[in-house]
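A look at the structure
Here's the letter readout for the chains.
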Amino acid sequence: MGQKGWMWRPRQLWLWALAVVAVVCCLATILVFAPGYLSPDSLDQLRQAEGKLPLTDWHPPVLSLVWRALIAVTGSIASMLVLQSVLFWGALWVLAWCVGALTGSRAGSFAVLGLGLTPFVLTFVGVVWKDVHTAFALLAACAVAFTGLRLRDSDLRRPAVRWGLLGLGVLFLAYAMLVRKNAFFAAIPVFVMLVLALWRAPGRRTWVTCTAALVAALVVPAAAISLFARPLETKQGAQIMLDDLVHVLRVDELRSADVSPDLRDRLVSAAEECGRVGALSDAYWACYARPADGLRGDSGEITSLWLGEMSGHVPRYVQYRLRLFASLLFETGYVYKAGITRNDLGVEVAHPRLEDTLGTYVGGMARDLPWLFRGWFWLAAALVLAVRPGTGLFSMPVRALGISSAAYILGYLPIMPATDFRYIYWPAIACSLGLLLLWLGRGTAAPPPAAPGAPADRALTAHQPADAGGH
């Protein structure tokens, strides 16, 4: 008994140390970012959450509704910052605990937590953006998957635990896709990782059941929001088509476009203005004379014109999209959101000096190590992880993280509205985690495939020294 107590004590101290570090980092994040850094997009969603503007689908209504609920419960707009910070550091803590337990490396577990302090990750942790919510929800789903890997030897023998973890994981994945539609590309590989972590050799029935659970978790809240919250339809998809029309067609072609005279004039003016100011994208905000109803009145004609013209301008369309995508990869911008955009709500940064300190840290690292904030680096890392995930304990999750990241970046090729770093935020988090797992998993044995007829929850045979010291 004494020997068991002596062996258990270091492990308990390690878990407490991880928890303390995570809590301190979470509190520090809340302090630095208080009450949450807000861009014009964030402020628009805040106004919707507070009922000062009608709910629309230009930005994900689920985010505004969650914020509205948090404000109703807490009375503070900073509640969203608290939620983001808790979810982020909580997911990293779970990942750190699982990685440390599976590898026996306490240093490795602390390194997982340390990812949250890297400049390319910390930069947006407290910014209220749908891109951040997507990244954190996907990270939380990864944490659930790693919990399944960690518990597969024992607790997952109980179906309730296995299905409970699946339910939690698909809820995170569904939320990621609800706040950003193109997160579908990133969520599917994470979903596969989740299922393979919970079932060593899932059969067809298991795949069908799990997929049905994910679809239900996505469709039910989307339908409920549409039926009960009734967000105003804004036809945001036409924004991408507007970019293509303004940058692919020549001005003389726009002058003869088969649309209403008013829209034709605005398209011509937008093309000329974008050329004058050098705006390669985001024409709706940079160059377009927006009518009072935004894109709602123009969307039908814009869509019809896009369908008719792009098929006849395929080479120019491909060249434009490749040029814009190259800018995302090699000229990635907006690597830091400085505080809170000036607003009429009276919302200001709580601690300006801390904001300046964070800006100096992120901005300095962006100047000294610019490749950490470039899309090409994270796309290259994603492809390496997807193709060469190693043969160790974490080969399956490493490959899933690589595929998720690569699919997310490449998915922006036809729909990218700008060249901001936030569009690379999830790949930066996922690839940095994947590279660390690749390093920590070297020299460990991957779990063998289940033998035919063997139960799916048979003991994991990979190296799992629960009380081994760090290395």
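Note on numbering: residues in each chain are counted from 1, in written sequence order. Restriction of local features to residues with pLDDT of at least 70 applies here, the model being predicted, together with a cutoff of 80 or more for giving and counting side-chain atom pairs; totals for whole chains, interfaces and linings are based on all residues. Calculation of side-chain values draws on the structure's entire complement of heavy atoms; hydrogens and water are dropped beforehand.

- Going by an unreviewed UniProt entry, the protein chain carries the name Glycosyltransferase RgtA/B/C/D-like domain-containing protein and comes from Streptomyces violarus.

Structural notes on the nonpolar core
- Think of a nonpolar core as a cluster: buried Ala, Val, Leu, Ile, Met, Phe, Trp, Tyr and Cys residues, connected wherever their side-chain atoms sit within 4.5 Å. Burial classes: relative accessible area under 20% of the type maximum marks a residue as buried, over 50% as exposed, and values in between as partly exposed (1.4 Å probe, protein chains only). Core analysis: the biggest nonpolar cluster contains 156 residues, and W67, W378, F421, Y425 and W426 have the highest contact counts within it.
- Strands here are runs of E lasting at least two residues and helices are runs of H or I lasting at least four, both read from the DSSP assignment and numbered beginning at the N terminus. Looking at this core element by element, the count peaks at 15 residues for helix α7 (residues 130–151).
- These domain limits were set by an automatic method or by a database of domain assignments. The two domains that each donate at least three residues to this core are domain 1 (12–232 + 348–442) and domain 2 (236–326).
- Contact between two residues is taken to exist if any of their heavy atoms lie within 4.5 Å; hydrogens are not considered. Residues in contact with Y425, not counting those within four places in the same chain, are F120, V121, F124, V125, D131, V132, A135 and F136.

A look at the pattern of salt bridges
- Salt bridges, as used here, are contacts in which a Lys or Arg side-chain nitrogen is within 4 Å of a carboxyl oxygen on Asp or Glu. In total, this model carries 15 salt bridges according to the counting rule given.
- Here D244 makes a salt bridge to R321, at a shortest N to O gap of 2.8 Å. Placement of D244 in helix α11 (residues 238–248) and of R321 in helix α16 (residues 314–330) is noted, with a sequence separation of 77 residues between them.
- Judged by its relative accessible area of 1%, D244 is buried.
- R321 gets classed as buried once you look at its relative accessible area, which sits at 3%.
- A salt bridge links D420 to R422; the nearest nitrogen and oxygen atoms lie 3.6 Å apart.
- According to the relative accessible area criterion, D420 is buried, its value standing at 13%.
- One connected set of salt bridges, linked through shared partners, spans D41, D131, R180, D420 and R422.

Quick look at the domain arrangement of the protein chain
- Here the protein chain is described as being made up of domain 1 (12–232 + 348–442) and domain 2 (236–326).
- Here the C-alpha centroids of domain 1 and domain 2 sit 34 Å apart.
- Each partner contributes residues to the interface: domain 1 has 13 residues there, and domain 2 has 15 residues.
- Summed over both partners, the accessible area lost on bringing two parts together, with a 1.4 Å probe, is the buried area. For the pair domain 1 and domain 2, the summed buried area comes to about 1200 Å², and 65% of that belongs to carbon and sulfur atoms.

Let's talk about helix α17 (residues 352–368)
- An expected span of 1.5 Å times one less than the residue number is assigned to each helix. Helix length check: α17 (17 residues) gives 24 Å between terminal C-alpha atoms against 24 Å at 1.5 Å per residue, within 8%.
- Listed in full, the buried residues belonging to α17 are E355, L358, G359, V362, G363, G364 and A366.

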